[in-house]
Structures are given as structure tokens and as C-alpha cells.
Amino acid sequence: MDMFSKLTNLFQQALETREPSVNLLDSFVEHWKGITNYYIETTDETRPVKQTDIPWRLKQMLDILVYEEGQQGPEETGPCMEYLLQHKLLETLCTLGKAQYPPGMNHQVLVFFSKILVQIQKPMLHIINVYRPVQKLVRLCGLLGSQTEKEEVHFLFVICTRVKQDPYVLNYILEQSSSTLEDTENERGEETVPSSYPAAPSFACTPTQHSPTGSSSVIFPANTGLIHVLVHLSKSQKCRVARKACESLLLLASLPEEEAAECLAESTPLCQLLVERLCELYSQLPAMLDPTEIHSFPQINWSDPFTQDEESQSFPGSEHMKRFFAWLDFLDHLLKEAPKILATKLAKEIHNNWLIGVLQPELLQLSEMGVLVNTALLCCMVRNVQSPALVEELVLFLLGRDTQSELCLDTETHVLRYHLIEHCDHISDEISITTLRLFEELLKKPYRDTLFNLALRNLENRCYVTHTPGGVEDNSKNSEVACNLKAFLYPLCANSELEEDPFFTEDEFNSSEEQLLSRSQLTREPRCSGQTQAVEIVNSFLCLVPQEAKTSQHVQGAGYDTYVHDANKQFKECTALTQAWDWSEVLKPTESAISSSDFFEGHFLKILFDRIGRILEQPYELNLQVTSVLSRLALFPHPQLHEYLLDPYISLVPGARSLFSVLIRVIGELMQRIQLIPNFTEKLVHVRRQLMGLDGETGVDHVTLLQGVIVLEEFCKELAAIAFVKLFHLIFLQLFKIY
């Protein structure tokens, strides 16, 4: 039993022998008169309130009200509560608190209001002689130089908790125009001294004033309402105060009633104030942040942004980043909790005022350093954001709404999308790497329009495939599925350790590799993808890099099996991500009415293919990021995307290129350059060991080329592993449907 319960029991026992109705009221009035007499009799205006009997008398009055309520029925109001309401005691206390007389009185009033709202169980906030003084006390909170932030935020939290319990009282608490308040007072004057607590009224929250142009913009009251004060206190340097203010805002924003959500969205400055704070924090970020620190910056939880390891996260601008990303996380959390109408309004406010108004100019500026820092920050934002409403607005901001197939010489209608894709091939390698990382983070989000905008809208009609009359490329027959499965699993069945490892072992891969090298794969006559055996697709990628340019067999732990295990895990995650996207499992037949002569893979894939075509000339880190994005695309279980990126045997229309065709050109260039470098394989192995930290730095020439070859080999193994896993799942899915 807590201290309050013990005191309440003692108080109740002391009152049991007295006449409850008369003596309680007399005692209540006596304590109130004791408070008012203090102001008549005292002459020392500097005496702190804690040195008077006012705190004690307020506590006695509260105890009487609580005890009285316990003795009344659910529809009754006791005489002490009637007295408090009729004589406007709360109004008087609010005035005394505002005057701060005696010194510290505001603290006592806040505590009294908080306790009465917590301990009185019946609804109160719809009564005019309660909600009017509550509104006035709210206006006294959040003032500059306040010494009572802790008590203020607790009082506001209590209000929001009562609103959460009784959402219909929201419109009584929020700041309204004076005419609305006067009308409400006249209409509900009978509630000044209620004989019982009335039923819940309907919502009547309306904007204070519309703009003269007739638009939907709203001019809100002065910065004195509940929403303003809570947002102000969320900026407090005291972490507990700021956190409590945010919790209060969440209580309001998560009200499930549609009327409450509409009231908050359309009739209060909630969305505007939240986004203004976001813009303010973003503008405080230093212009010269280190992009490396941004990329490694951890997820910040809004509820406690300053509990991170200070040693590992201390760098110039780190405190500003913590505050910004903590607030962004708070908004993201609020968007997940809020009803749709409020979440949509807030997300669009973020789009218009922050993304378009603040961030877009920073991304389009001429300063390379400015572009780099802001792109890195945007990448970190995309990685952290989880709410569907904000993810959608981010994608629309970055990519636009276009759904038509792109044309090679088409003028880009979405300026930011065009510039971001061009930045993937920027003269600055750092900007290219950071922008590619941004697109990779976008592709990890559960939003289907991202992939459609970047790639699928250009592939959905399969204009890259040579049209074959008669439907030769239709789906495989059941017998072919079984044949594919047998050919696909044959290397696995030969493994004596199948129970331990369901995929290729390194030794097995090396032995099969020697057999496959004798085959002339690159000159093989192409076949339609529906007839391509799965095992041939995998082996085509594994055997693409010539033997003298391979290093896996010279370094322990660099086998193909590791990629298979990773690809299996990543594909399952990707499949779970896209499960609700209703993608077809079969290829769409090509249509002869659609011209294939003008096929264009789209600006995004074009840049990626151009980059992969220069893999032997680009820095190691850039190559890693390009291949990472392409691998992410290849993982998606979409039939056209799988065919275009992972089928080496598709018959391309003239002028079209696929990922495999680009890799073939790279291999052709590599074969020529190998002849010009003495001891090529030895140098290649040495550079690989350097990258793995096994050998020290030496003056090996052609380092960029050698590093590019290593990335190329690993990329081909990764693509083979992805193809293996996807085809493995596809074949078993087809067999499951058959049997």
C-alpha cells in the first residue's frame, strides 16, 4: 500500500464518526477560507508559499473531494464538488498561480490541478468551471525562464491522459477562438454547477479563421494553447521534461476516434509545429559534417536520445545529429500510432515544408560538399524511417509519380529524380557512392512503387526480348519442371555431406568448375528463357571470369558456398518484403504490337550498367556499392526482373543489353588487358590478400584494375548464388503446385 492510500484510509477513519455531508462541506469551506484569509491578513509578500499553511490546506481539500466521491453514487455530485464548481475555486487558484503570490504559488496550483484530475474519477473536463481554468493554466506553462517545467509537463500529461480516456473532451481543452468559447459557455451554462456529470457531447472543433483567399490554410491562435506548449516543452534541455512532452503529444495523436484525428489535423497547428521543429533541427546541423560519421550513425530512439555511448559517437556535430534524428524518430513513431487522416496530413506537411522547402534545395546546390553531406543525411533518414505514410512521401519526393516507360532521350519531368540518378555517375566518387547507397536503402523499404519507378515500368512488356511467333517462350511444361529439378539438384546429390550442407561445397565447386571451363559457353546459341535449364544459368555466371583472373582457390574462405547461404537468407527476407505486392510468378508473353526497336532500360539501370561496364577502372569502394545495388535488384522475385538480370540466354533485340551482356564485354576487355601485365595472377592474389588484411602494403602496379577484377569475380559468384537460390525456390514451388 502506497503512502497516499495509507493517508486516505487514516483520513476516512477520522471522518467515520462525523456527519459526512455537513462536516465535510464545513471542513472544505474552512480550508478554502483559510487560504483566502492569508491574502487578507499577511503583510510579508516575500514569504515563500512553502512556509505557509496553503500547501497543507490544498491537500486537505483534495483529500475531502476524493473521499466524498467515494461515498457518492456514479451519477451524483457531492456538496464539496458543487461548492468548488459554483464558487469557481479553480479559477481563483489559477489567478493566484499567475500572480506568483506568495512566491512559489504557481507550483502549488499546478500540483493541485494535476492531482485533482488524476484522483477524481468522474469526467470533469467538459464542465466550464473546470476546463476554462485548465485552459488558463495551460497558457501559463512553457514560459521563458520557467522554474516549474517538471510540474508543468506533468500537468499537461495528466490532461492528455484524461483526453485519452474521454476523447470527446478534446475540443474543450484545445485553444479556440473567443467567440467559440463564449458560445460554448452560453450553450452549456447549466454545466457550471452540475447535479450530475452529463453525457459526452459531440466534437465541435473548428478552425479559428480561414484565409481570405478561400484556401484551406488556417490561421491559428497565439502560441498559448496546449499544442504550442507541448511542442515548446519538447525542446527543453531537461531530457525528462522533453520526453514527457513528447509522450503527451503521442497520447493526443493516437486518439482512435476519427473526429478527434480530424480535429487535430485540420483545426490545430499540431502538424505545422511538429514540422517546423524538424526544419529547425535540420537547419542547425553543421554544413561540414563528415559523411563517414553520418553513414555509421546509429539508430536514435526518440524517447532517450542521449543514452548512446558518448565515446563512440562523439564527433563535431554529433549532438545536433542526435537531436535531429531523435525528433525524426519521434515523428516516425507518431505517424505509426496516429489514425490515417492525421498521419496523412502530417506526412504531407513533412513533404511540402521540409522535403521540398528545405531538403531539395540542399540536394540540388552546386557545392559538391553540400550535396555529399545532404545526400548522406538523406540516406540515413531513409534507413531509419519505418512508418508507411512517411516512406510513401519520401519515395514520391525522390522519384515522383511517373508510371510510363522511359525513353532514352525523354526529358525528365521530375528534376530531383534526374539529378539523383545522374549523381550515381558523378565525377566525385564520394557523391556516387553515397547516392548509390541511398538508392539501395530505398530498395529495402516495403514500398512497391520504388522498384516499379526505377526499373519495372521499362521491363513489364518485355520489349528487350526478340519476339518469337507461336508462343515458343510460354511457361515450361510439367515434365520440363521435373527435368530442370533433376539437372539442378544433381550436383547436390553427388555430395556425400548433403545432410550437413544442402548447397555446394568449395571442393565440389572447384571440381565442377574445371569441367565447365572446357565448354564454350559464351558462344552458345541463345534460347528462350522458359527453356533454359536452371543449372546452366548458375554455371554461366560461375564460369564467366577466366581461370587466370580467379583468386578464390588461392585464398581460404572465399568459396561460392558462403554466397549461397547469404543469398538464401536475403532472398527469404526480400520475398517476405514483397509478399503483399501481388506479383505474377510467370513471365508475361511478349506482344508483337509493341515495338521493341525503341527499348530503353531506363535511366537508373543505364547508369548501373554503365558503371559495371567500367568496373576495371573504378575505385574499389565504388565497385562494391554498384554491385551491391545490382545484387539487391536481382534478389526481387519478379519474373521480368529476374529474366533481365539473371538469364544469360535471353535473345535480346538489337541495341538492347542485359546485365550478362555487359559482363561479357567487361570480360572481353579483361582478356586483352591480362596479356599486357606480367605475373598477372600472382599480383592479383597478392592484392586480394591485401584487401583481406593478410599481406602488407606493397608497390604493386595496376592496383585499380586488379581490385576491379576481384570485385568482378565475387560479383559473378554472388549473382550465381542468387540465381541458384531463386531458381531452387521457383522449381520447388512449381512442383508443389503440380503435386
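Being a predicted model, the structure only gives us computed values, none of them experimental.

Draft legend 1. Here's a closer look at the overall build of the protein. Helix and strand counts for the protein stand at 32 helices and 0 strands. Taken across its 739 residues, the protein has 54% of its residues classed as buried. Sequence-distant contacts in the protein: of pairs separated by 6 or more residues, those separated by 24 or more amount to 78%. For the protein, the computed accessible surface area is about 33,600 Å², with 52% contributed by carbon and sulfur atoms.

Draft legend 2. Up close: the packing of helix H14 (residues 270-283) against helix H17 (residues 340-363). Contact geometry of H14 with H17 gives a least axis separation of 9 Å together with a crossing angle of 35°. The interaxial crossing formed by H14 with H17 has right-handed handedness. Between H14 and H17, the residues in contact are Leu270, Cys271, Gln272, Leu274, Val275, Leu278, Cys279 and Tyr282 and Leu342, Lys345, Leu346, Glu349, Ile350, Asn353, Trp354, Val358 and Leu359, respectively. Of the residues belonging to the contact of H14 with H17, the class tally is 13 nonpolar, 2 polar and 2 charged.

Draft legend 3. How the structure looks around the packing of aromatic side chains. Per the stated rule, a full pass over the model turns up 22 aromatic pairs. Note on tyrosine 39 and tyrosine 101: the rings are 5.3 Å apart at their centroids and 65° apart in plane angle, and the pair reads as edge-to-face. You can see tyrosine 39 sitting in helix H2 (residues 20-41) and its partner tyrosine 101 sitting in the loop between helix H5 (89-99) and helix H6 (105-119), a full 62 residues away along the chain. Plain terms: the ring middles of tryptophan 581 and tryptophan 583 are 5.3 Å apart, the flat faces sit at 75° to each other, and that makes the pair edge-to-face. Given the relative accessible area of 17%, tryptophan 583 is considered buried. For the cation-ring pair, lysine 244 lies above phenylalanine 157, with the distance from its terminal atom to the ring centre recorded as 4.1 Å.

Draft legend 4. Expanded view of H5. For H5, the set of buried residues is Leu89, Leu90, Glu91, Leu93, Cys94, Leu96 and Gly97. Phi for glutamine 100, located one or two positions after H5, is positive at around 50°.

Draft legend 5. Structural context of unusual backbone geometry. Put simply, tyrosine 101 and proline 102 share a cis peptide bond, and its omega is -5°. Looking at the element boundaries, proline 102 is found in the loop between H5 and H6. Here glutamine 100, not a glycine, exhibits a phi torsion of approximately 50°, which is positive. Secondary-structure assignment places glutamine 100 in the loop between H5 and H6. You will see that arginine 462, though not glycine, has its phi angle at about 55°, which is positive. In this fold, arginine 462 is placed in the loop between helix H22 (448-459) and helix H23 (478-493).

Draft legend 6. Structural view of the pattern of salt bridges. Scanning the entire structure with this criterion turns up 21 salt bridges. The salt bridge partner of aspartate 425 is arginine 611, with a shortest N-O separation of 3.3 Å. Separated by 186 residues along the polypeptide, aspartate 425 in the loop between helix H20 (415-423) and helix H21 (429-443) and arginine 611 in helix H27 (residues 603-613) bring together distant segments of the chain. Residue class for aspartate 425 comes out partly exposed when judged on its relative accessible area of 27%. Judged by relative accessible area, arginine 611 falls into the buried class, the value being 5%. The partner of glutamate 669 in a salt bridge is arginine 673, and the shortest N-O contact between them spans 3.3 Å. Of this pair, glutamate 669 and arginine 673 are both found in helix H30 (residues 659-674), 4 residues apart, which corresponds to roughly one turn of the helix. Through salt bridges with shared partners, a single ionic network connects Glu601, Lys606, Asp610 and Arg657.

Draft legend 7. Structural context of the nonpolar core. By size, the foremost hydrophobic cluster in this structure holds 220 residues, and its most contacted members are Phe155 and Trp354. Considering every element that reaches this core, the biggest residue donor is helix H32 (residues 703-738), with 17 residues. Apart from residues lying up to four places away in sequence, tryptophan 354 is in contact with Val275, Leu278, Cys279, Tyr282, Phe324, Leu328, Glu349, Leu359 and Met381.

Draft legend 8. Representation of helix H11 (residues 226-233). The element H11 is extensively covered by neighbouring structure, given that 7 of its 8 residues are classed as buried. By the burial criterion, the buried members of H11 are Leu226, Ile227, His228, Val229, Leu230, Val231 and Leu233. Contacts made by the buried residues of H11 are with helix H7 (128-139), helix H8 (149-165), helix H9 (170-173), helix H12 (239-253), helix H13 (258-267) and H14.

Draft legend 9. Examining the side chain of aspartate 332 more closely. You can see aspartate 332 is positioned in helix H16 (residues 318-337). Despite its burial, aspartate 332 pairs with no opposite charge; the closest candidate is lysine 336, at 4.5 Å N-O. When near neighbours in sequence (up to four residues on either side) are disregarded, aspartate 332 contacts Asn384, Val385, Gln386, Ser387 and Leu390.

Draft legend 10. The packing of H27 against H30, seen in detail. Where H27 contacts H30, the two axes come as close as 9 Å, and the packing angle between them is 20°. The angle between H27 and H30 falls in the class roughly parallel. As for the relative orientation of H27 and H30, their crossing is right-handed in sense. Here Phe609, Ile612 and Gly613 of H27 come into contact with H30, specifically with Leu659, Val662, Leu663, Val666 and Glu669. Its residues assigned to classes, the contact of H27 with H30 comprises 6 nonpolar, 1 polar and 1 charged.

Draft legend 11. Local environment of the environment of phenylalanine 724. Locating phenylalanine 724 in the fold gives a position in helix H32. Distance in space between the C-alpha atoms of phenylalanine 724 and valine 538 is 6.0 Å, their sequence separation being 186 residues.

Draft legend 12. Inspection of the environment of arginine 277 at higher detail. Tracing the backbone shows arginine 277 in helix H14. Separated by 50 residues in the primary sequence, arginine 277 and tryptophan 327 have C-alpha atoms spaced 8.2 Å apart. Aside from chain neighbours lying at most four places away, what touches arginine 277 is Lys235 and Trp327.

Draft legend 13. Quick look at a nonpolar patch on the surface. A cluster of nonpolar side chains, Leu691, Met692 and Leu694, forms an exposed patch at the surface whose accessible area comes to about 250 Å². Given a relative accessible area of 45%, leucine 694 falls into the partly exposed group.

Draft legend 14. Spotlight on the environment of leucine 143. By the element assignment, leucine 143 lies in the loop between H7 and H8. Under the relative-accessibility criterion, leucine 143 is labelled partly exposed at 47%. Spatially, the C-alpha atoms of leucine 143 and histidine 232 are 8.9 Å apart, while their sequence positions differ by 89 residues.

Draft legend 15. A look at the confidence of the model for the protein. Overall, the prediction assigns the protein a mean pLDDT of 82, with 77% of residues at 70 or greater. With pLDDT under 50 throughout, residues 177-202 is counted as low confidence; its partners more than four residues away or in other chains account for 44 contacts. Overall, residues 470-531 carries pLDDT values under 50, and its contacts beyond four positions in sequence, including any with other chains, amount to 96 contacts.

Criteria and cut-off values
Residues numbered from 1 in each chain as written. Predicted model: local features only at pLDDT ≥ 70, side-chain atom pairs only at ≥ 80, totals over all residues. Heavy atoms only, no water. Helix = DSSP H or I, 4+ residues; strand = E, 2+ residues; numbered from the N terminus. Buried < 20%, exposed > 50% of the residue type's maximum accessible area, 1.4 Å probe, protein only. Contact = heavy atoms within 4.5 Å. Areas by Shrake-Rupley, 256 points an atom, 1.4 Å probe, with all protein chains shown as cover. Axes fitted to C-alpha atoms, helices over the stretch in contact; angles between N-to-C directions. Left-handed = near helix turned anticlockwise from the far one by under 90°. Nonpolar A, V, L, I, M, F, W, Y, C, P; charged D, E, K, R; others polar. Phe/Tyr/Trp six-rings, centres within 6.5 Å; stacked < 30°, edge-to-face > 60°. Lys NZ or Arg CZ within 6 Å of the ring centre and 35° of its normal. Salt bridge = Lys/Arg side-chain N within 4 Å of Asp/Glu carboxyl O. Core = buried A, V, L, I, M, F, W, Y, C linked by side-chain atoms within 4.5 Å. Lys, Arg positive; Asp, Glu negative; His and termini not counted. Parallel < 35°, antiparallel > 145°, perpendicular 65-115°, else oblique. Patch = residues over 30% accessible without salt bridge, like charges linked within 9 Å, V, L, I, M, F, W, Y side chains within 5 Å. pLDDT = per-residue confidence, 0-100.

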